Amino acid sequence: DLQLYPDPCCLALRRAAAEYYGLEPDQVMAGNGSDENLFFALRAFCDEDHPLARPDVTYGCYGVWCDLMHIPQQIIPLEKDLTLDPARYHGLGVTIVIANPNAPTGLALPAAAIGEIAAANPNNVVIVDEAYVDFGAESCVPLIREHENLLVVQTFSKSRQMAGARLGFALGSPELIADLERVRNSLNPYNVNQMTQA
Ligand SMILES: *Cc1c(COP(=O)(O)O)cnc(C)c1O
């Protein structure tokens, strides 16, 4: 079937992922790795007038994408022991991204602490990058039902050992996923190739 374009909706893949995560297919978007999904999320939920809050230190790409898209950054330092104090993220009023566990520290917050951050920023999107969650942290996926502003990003690249397949999922409320799909369909609707979808 490689003479054909892949299914731009990734329907079979999203149905399978939704079943795995206990979500509906309209709560799942497939991307060409987490990097693409995170880029789409910043494109959807930030711009020159809508900053991104993120820790320092953390995954380096967040800052690179902000620079590329002229998104102002609100950089929040880690504590002296490299832990992340969730209280610093309450009531920020801007889009937030947190890698949980954080990279490269490997230190994680309990899922409930992320839920409190989402509750304390009700009018903003809170993105949780769970690239390393399977190595020993609590996933925030079960909190998606309670917090419609929570976007969880997972990848096949680390614990699932398929970095070369380029596959990641963005998981959230149908409204957030619809916003992401609008960006994806405008930029790169065939982002997940036929072999990877299979
Ligand atoms: C590896 C990594 C990514 C990117 O993963 P891909 O799915 O391969 O694009 C994103 N965030 C963090 C924290 C990572 O370590």
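Note that the structure is predicted; figures quoted are calculated from it, not measured. (Residues numbered from 1 in each chain as written. Predicted model: local features only at pLDDT ≥ 70, side-chain atom pairs only at ≥ 80, totals over all residues. Heavy atoms only, no water.)

Asks: Just to check I follow, could you spell out the environment of Gly 168 for this structure?
Replies: In this structure, Gly 168 sits in strand β7 (residues 168–171). On the basis of relative accessibility, which here comes to 0%, the residue Gly 168 falls in the buried class. Expressed as a C-alpha distance, the spacing of Gly 168 and Ala 111, which sit 57 residues apart in the sequence, is 20 Å. When sequence neighbours within four positions are dropped, the list of residues in contact with Gly 168 reads Met 29, Ala 30, Gly 31, Gly 33, Ser 34, Asn 37, Gln 154 and Thr 155. (Helix = DSSP H or I, 4+ residues; strand = E, 2+ residues; numbered from the N terminus. Buried < 20%, exposed > 50% of the residue type's maximum accessible area, 1.4 Å probe, protein only. Contact = heavy atoms within 4.5 Å.)

Asks: How do you make sense of the site of the ligand when you look at a structure like this?
Replies: By nearness alone, every residue bordering the ligand is listed as Gly 33, Ser 34, Asp 35, Tyr 59, Asp 129, Ala 131, Tyr 132, Thr 155, Ser 157, Lys 158 and Arg 166. Within the backbone of Ser 34, one N or O atom sits 2.6 Å away from an oxygen atom of the ligand. Separating a nitrogen atom of the ligand from a side-chain N or O atom of Asp 129 is a distance of 2.6 Å. Ranked by residue count, the leading element in the shell around the ligand is helix α2 (residues 33–45), at three residues. In terms of residue class, the shell around the ligand is built from three nonpolar, four polar and four charged. (Near = heavy atom within 4 Å. Polar contact = N/O pair within 3.5 Å; in protein donor to acceptor, adjacent residues only side chain to side chain. Nonpolar A, V, L, I, M, F, W, Y, C, P; charged D, E, K, R; others polar.)

Asks: Looking at this model, I keep getting lost on the packing of α2 against helix α5 (residues 174–187). Mind explaining?
Replies: Axis angle and axis distance: for two packed helices, these are the angle between their axes and the distance between the axes, and together they describe the pair. At their nearest, the axes of α2 and α5 sit 9 Å apart, and the two run at 105° to each other. On the basis of the axis angle, α2 is roughly perpendicular to α5. Along the contact surface, α2 presents Phe 39, Phe 40, Ala 41, Arg 43, Ala 44 and Phe 45, while α5 presents Leu 176, Asp 179, Leu 180, Val 183, Arg 184 and Leu 187. Considered class by class, the residues forming the contact of α2 with α5 number nine nonpolar, no polar and three charged. (Axes fitted to C-alpha atoms, helices over the stretch in contact; angles between N-to-C directions. Parallel < 35°, antiparallel > 145°, perpendicular 65-115°, else oblique.)

Asks: Hey, could you run me through the side chain of Asn 149 in this one?
Replies: One can find Asn 149 in the loop between β5 (126–129) and β6 (150–155). On the basis of relative accessible area, Asn 149 is assigned to the buried category, the value being 10%. Not counting residues within four places of it along the chain, the set of residues in contact with Asn 149 comprises Ala 118, Asn 121, Pro 122, Asn 124, Val 125, Val 126 and Leu 176.

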